[in-house]
Amino acid sequence: MIQCLETLCALNGVSGDEGQVRSYIRGWAEEHADSVRTDAMGNLIVFKRGRKAAGNRLMLCAHMDVVPTEGQNWTHPPFEGEIKEETVYGRGALDCKGTLCGILQAAEELLQDGFAPGRDVYLAFGCDEETGGKEGAAQIAKQLKMRGLHFDLILDEGTPISTAHLGKENFPAALLGVAEKGQATFRLSARQKAGHAAMPPQHTAAGYLSEAICRIEAAPLHKRLLPVMQQCLLFSAPAMGSLQRAMVANLPFTRPLLFRGTRHNLQLSALFHSTFAATCLEGGSAPNVLPETASALLNARILQGDTGEKLLEYLRSLLDDLPVTIEMVSCQDPSAITDTAGAGYQLVKGAVEETFGRLPCIPTIMPAGTDTKHYQEFSDHIIRFIPLAVSDATLSAVHGPDEHLSCRSYTAGVIFYENLLKKL
């Protein structure tokens, strides 16, 4: 069963060329699907007709591209799909070939057994998720819109099955991403007169920029507890310590205590408010020259209820007494939140329980982005979930050296997709 994943990890290509991957998948689709559509960028839309009335549709998504490996110290070949000690090593093994291959292998095995899905099934594979999806999922979305399609469920990559939720070894859980935060980039620019560093003014462009960044870091946005995050905390309580369990059990009265008690848990704290992080900084050209302009990019992750414009207004009010200009370079507002009582969520939850037993399914918000930001108009039920059980060590290797996935985890993921398709 691991052969498909091993093949596609090897087909990533030493130069990062995804052409072989697209050829492999297209060949698969032409053999097994009712239709396959590609475009100049190599994006693929695969279609299999269902038995039931038109209008009931499912779309399973994955992306074919991977991040580069340059400058990383791999101890296994990054583009050979090497299997060692029941583990597949290779760039993209978890992000996102495990999902991509699991979908293909599940569909192939079911079709070989004579299975026909109850609903129409679409497989959407984009070419550039890692760089925003503008040439990939965005172009697929145009094709979907031209056809007037709407889906009962869209399932894309997202949060995985944690083998130790919140660090508790005996509490595994399936984290189902029912939403994702938005993302915006802001540019801060400070201008002062250029000059010689031996005769500096009281404040330089670099100094004003530093002051602006320090203010932003010292004044985080007000934290809020969205209903879905309260639900997440309640389901996660068995993995918490006694004090945290008490705070969760007495929400919303203990909300301030909860925010304070989780402030050092960066992953959890980020889901209570919109965040800012200074990333790219530019300034002087020589050690003895005062720069005329110093600038920085701020990466913002936008919680539901906020918008890019609202964050821009906040930044301007915070820095209005400094000679610093602020502009919004790009913005993707946060997604809608999928109803956990809806049919789409319950379908995924049922497939999880059938595959992994009574594994807790915990709704959450993803702090990072996926291709689903381009698919919002096509479904009210979008889930971001990787049906692969991974440890913290496996998850931390994503985008890093020696990315890997256990064969056992991959096999269970294939079975999950089979069970999901059978429920259509």
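See the structure shown above.
Here goes a summary of the coordinates provided. (Residues numbered from 1 in each chain as written. Predicted model: local features only at pLDDT ≥ 70, side-chain atom pairs only at ≥ 80, totals over all residues. Heavy atoms only, no water.)

### Details of the overall build of the chain
Broken down by element type, the chain carries 13 helices and 17 strands. For the chain, whose C-alpha radius of gyration is 23 Å, the value lies close to the compact-globule estimate of 22 Å for 424 residues. Seen along its three principal axes, the alpha-carbon backbone of the chain occupies a region of about 80 × 55 × 45 Å. Across the chain, every contact between residues at least 6 apart in sequence was considered, and the portion connecting residues at least 24 apart equals 79%. Between the centroid of the 38 positive side chains of the chain and the centroid of its 48 negative side chains there is a distance of 7 Å. (Helix = DSSP H or I, 4+ residues; strand = E, 2+ residues; numbered from the N terminus. Rg over C-alpha atoms; globule rule 2.2 N^0.38 Å. Contact = heavy atoms within 4.5 Å. Lys, Arg positive; Asp, Glu negative; His and termini not counted. Charge placed at Lys NZ, Arg CZ, Asp CG, Glu CD.)

### What to know about the nonpolar core
In terms of nonpolar packing, the biggest core is built from 77 residues, with F125 and F385 touching the most fellow members. A per-element tally of this core places helix α3 (residues 93-112) first, with 10 residues. Grouped together as the second largest cluster of nonpolar side chains are 25 residues, L311, L312, L318 and L319 included. (Core = buried A, V, L, I, M, F, W, Y, C linked by side-chain atoms within 4.5 Å. Buried < 20%, exposed > 50% of the residue type's maximum accessible area, 1.4 Å probe, protein only.)

### Some words on the pairing of strand β13 (residues 293-302)
β13 sits mainly inside the fold: 7 of its 10 residues count as buried. The pairing of strand β9 (residues 182-191) with β13 spans 10 bridges and is classified as antiparallel. Bridging from a neighbouring strand, R191 pairs with T293 of β13. In this sheet, β13 lies alongside strand β11 (residues 275-282) in antiparallel orientation, the contact comprising 6 bridges. When the bridges of β13 are listed, A278 appears paired with L298. (Pairing = 2+ DSSP bridges.)

### A short note on the pattern of salt bridges
Under the defined criterion, the tally for this structure stands at 14 salt bridges. The salt bridge involving R224 is made with D306; its shortest N-O contact spans 3.3 Å. Taken together, the positions of R224 in the loop between α5 (205-218) and α6 (227-236) and D306 in the loop between β13 and α10 (308-318) put the pair 82 residues apart, joining distant regions of the chain. On the accessibility criterion, D306 (8% relative accessible area) is buried. Salt bridges sharing partners connect three or more residues here, namely E211, R215 and D321. (Salt bridge = Lys/Arg side-chain N within 4 Å of Asp/Glu carboxyl O.)

### A word on the state of the cysteines
Going through the model one piece at a time under the given rule, you end up with 0 disulfides. Between C232, a free cysteine, and C361, which holds the nearest cysteine sulfur, the sulfur-to-sulfur gap is 12 Å. Residue classification places C232 among the buried residues on the basis of a relative accessible area of 6%. (Disulfide = S-S within 2.5 Å.)

### A few points about α6
Listed as buried for α6 are V228, M229, C232, L233 and S236. Each buried residue of α6 sits inside an arc of 140° when the element is viewed along its axis, so together they form one side. Buried residues in α6 make contact with β8 (173-180), α7 (242-249), α8 (255-261), α9 (266-269) and β15 (361-366). (Arc of directions from axis to C-beta.)

### Points about the side chain of T185
Along the chain, T185 falls in strand β9. Its relative accessible area of 19% is what places T185 among the buried residues. Each residue touching T185, except ones within four places of it in the same chain, is listed here: L297, L298, N299, E327, M328, V329 and S330.

### Thoughts on the pairing of β15
Burial analysis of β15 places 6 of its 6 residues in the buried class, the great majority of the element. Examined bridge by bridge, β8 and β15 share 6 bridges and lie parallel to one another. Bridge assignment links G177 to a residue of β15, and that residue is T364.

### Examining unusual backbone geometry
Between D95 and the following residue, C96, the backbone shows a cis peptide bond with an omega angle of 10°. Mapped onto the secondary structure, C96 falls in helix α3. Here the amide bond leading from L251 into P252 is cis, since omega sits at 10°, within 30 degrees of zero. Inspection of the secondary structure puts P252 in the loop between α7 and α8. Even without being glycine, E85 reaches a positive phi, approximately 55°. With respect to the helices and strands, the residue E85 is situated in the loop between β4 (82-84) and β5 (87-89). Phi at H399 is positive, roughly 70°, even though this residue is not glycine. If you trace the backbone, H399 turns up in the loop between α12 (392-396) and β17 (404-406).

### Topic: the packing of aromatic side chains
Counted by the stated rule, this structure contains 7 aromatic pairs. An angle of 85° between the planes, with centres 5.5 Å apart, marks the rings of Y122 and F151 as edge-to-face. Of this pair, Y122 sits in strand β6 (residues 120-126) while F151 is found in the loop between α4 (137-146) and β7 (153-162), placing the two residues 29 residues apart along the sequence. Neither Y122 nor F151 differs from the other in exposure class; each is buried. A ring pair is formed by F416 and Y417, whose centres lie 5.3 Å apart and whose planes are at 70°; its orientation type is edge-to-face. Overall, the relative accessible area of 3% leaves Y417 in the buried class. What links up through ring pairs into an aromatic cluster is the set F47, Y122 and F151. (Phe/Tyr/Trp six-rings, centres within 6.5 Å; stacked < 30°, edge-to-face > 60°.)

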